[in-house]
There are 2 protein chains.
Amino acid sequence: MKTDLIVDNVSKHISLTDEETDLFLSLLIEKKLAKRELLHKVGDVCRNSAFVIEGALKGYTIDNAGGEHVLNFAVADWWIADMYSLFSQKPGVLLIEALADSTVLLLSKENQELLYKQNPKFERFFRILVENALVTNQQRLLDNLSLSAEQRYLNFIKKYPFVLNCAPLHSIASYLGITPEFLSKIRRNIAS
Amino acid sequence: MKTDLIVDNVSKHISLTDEETDLFLSLLIEKKLAKRELLHKVGDVCRNSAFVIEGALKGYTIDNAGGEHVLNFAVADWWIADMYSLFSQKPGVLLIEALADSTVLLLSKENQELLYKQNPKFERFFRILVENALVTNQQRLLDNLSLSAEQRYLNFIKKYPFVLNCAPLHSIASYLGITPEFLSKIRRNIAS
DNA sequence: CGCGACGTTGATTTGCCTCAACGATTGTGG
DNA sequence: CCACAATCGTTGAGGCAAATCAACGTCGCG
């Protein structure tokens, strides 16, 4: 199991002894996903956080009219889950799907709670993780309220250039809150 | 100092002994704000979380064109801060302003860190607080991506009816991502 | 090979914005 | 306690950003 990435990820916010690292790693399960495979679907209770080792995923909803709305992407070194469902243990509202063949490490809700009990450091780590996610989300909300579609797209490719390589354009359009057709027109304008 | 409200708020997520409650309360500072007074402004480093005892506040940005964009409201029993600045201790991006004469309890960043060190329960409490804020934010993002302005307004008055009483309509319009004029027209349609 | 997913283009429509103007409140200095 | 200004909510006319609809070429894949 490739564990360097996740150990580094955790070590960015808390420092672990060798024993703590071993405990943490012992609670993870590796899972491979084929392109288009679902990690989570609407109505299921989300039992795991997923840390991406390789590949890419998207979290999204489907509205009454069948339209897809992308809440987030996740690539290597990112965490993803249906957080509403994970935190509340109620049926989830998201689909989480692999955009390419991917490998993730799963940490179950029970093991996460176990970590919290065993060592407050882990509670600290996940607090910081969620804090950062919240700030990123707030900034995205403000961007959606204040910027044009073209400015949002330019922000996006500056902030997440690597996502351009693994996510189809219509998913990026959905993430930005516009139609694929309009994104196509934006890209034409920028190119010229 | 009126402390029942905040003790209840904390007790929703963790259970405290009398000593822990006393410690927590001893770290709070009461602050009164007049209508239009700022709790935080752009460029300042945010040094406190604020818990609202009475009144109402809004957190917002001002764009290059002078337009106001409301990120969030806070009424009694809610927490508010420039979270980007609070977490990173870098200069903030938000204005936080009292919509009416208000009373808040301030918990400084240092005291918050002190609580974390003294007792992991508090780290747990704030983790859960941020988790809930994140989920609410994600839902709002999805609503903005998938619903019409009218549907967002109807959602808003259903979810936060009490905010209608204390926030001016142009701030609510800004929160919803529309102009005051258009909100006015939506309200006319709904009334008929 | 043939089908479905993807990205693009053009024509048309629409949800929401801009601008300008108007009463009704609120609040504030003289 | 009044006069005047500022804020607030609303209305209508006109405009624009982005959606919708329909069509087409390309590619990867079963």
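Overview of the structure.

Next up on the list: the interface of chain B and chain A. If you look at the interface, chain B gives 27 residues, while chain A gives 27 residues. Put simply, the parts of the chain that give the side of chain B that touches chain A at least two residues each are β5 (68-75), α3 (83-88) and α5 (120-146) of chain B. Its residues assigned to classes, the side of chain B that touches chain A comprises 13 nonpolar, eight polar and six charged.

This part is about the protein's contact with DNA strand D. Neighbouring residues of DNA strand D: 16 residues in total, closest I178 and F182 of chain A together with P168, L169 and S184 of chain B. When contributions to the surface near DNA strand D are tallied by element, the ones reaching two or more residues are α6 (149-159) and α9 (180-191) of chain A together with α8 (169-176) and α9 (180-191) of chain B. Of the residues forming the surface near DNA strand D, the biggest block, six residues, is contributed by α9 of chain B. Of the residues contributing to the surface near DNA strand D, the split by class is six nonpolar, four polar and six charged.

All right, on to the relation of the copies chain B and chain A then. Overlaying chain B on chain A yields an RMSD of 0.0 Å, the required transformation being a rotation through 180° with an accompanying axial translation of 0.0 Å. A rotation of that kind, with that shift, is consistent with a two-fold axis. The residues that chain B uses at the interface reappear at the interface of chain A in 100% of cases, marking a shared surface.

Residues and elements named next belong to chain B. Reading across from one edge, β1-β8-β3-β6 is the order of the four strands in this open sheet, with antiparallel pairing throughout. On the outer flanks of this sheet lie β1 (28-33) and β6 (79-80), each paired with one strand and no other. In the sheet, strand β3 (residues 48-54) pairs with β6 via two bridges, with the strands oriented antiparallel. The partner of A50 across the bridge, within β6, is I80. Against the sheet, helix α4 (residues 109-118) contacts β3 and β8 (102-108), and its axis sits at roughly 55° relative to β8.

Before going further, it helps to spend a moment on the protein's contact with DNA strand C. Taken together, the neighbourhood of DNA strand C is formed by 16 residues, with P168 and L169 of chain A together with A149, I178 and F182 of chain B sitting nearest. Of all the elements in the fold, those that place two or more residues in the surface near DNA strand C are α8 (169-176) and α9 of chain A together with α6 (149-159) and α9 of chain B. A total of six residues in the surface near DNA strand C trace back to one element, the largest contributor, which is α9 of chain A. Tallied by class, the residues present in the surface near DNA strand C amount to six nonpolar, four polar and six charged.

Parameters at a glance
Residues numbered from 1 in each chain as written. Chains lettered and ligands numbered in written order. Predicted model: local features only at pLDDT ≥ 70, side-chain atom pairs only at ≥ 80, totals over all residues. Contact = placed C-beta atoms within 7 Å. Helix = DSSP H or I, 4+ residues; strand = E, 2+ residues; numbered from the N terminus. Nonpolar A, V, L, I, M, F, W, Y, C, P; charged D, E, K, R; others polar. Near = placed C-beta within 6 Å. Least-squares fit on C-alpha atoms with pLDDT ≥ 70 in both. Pairing = 2+ DSSP bridges. Axes fitted to C-alpha atoms, helices over the stretch in contact; angles between N-to-C directions.

Read these as geometric descriptors, not functional statements.
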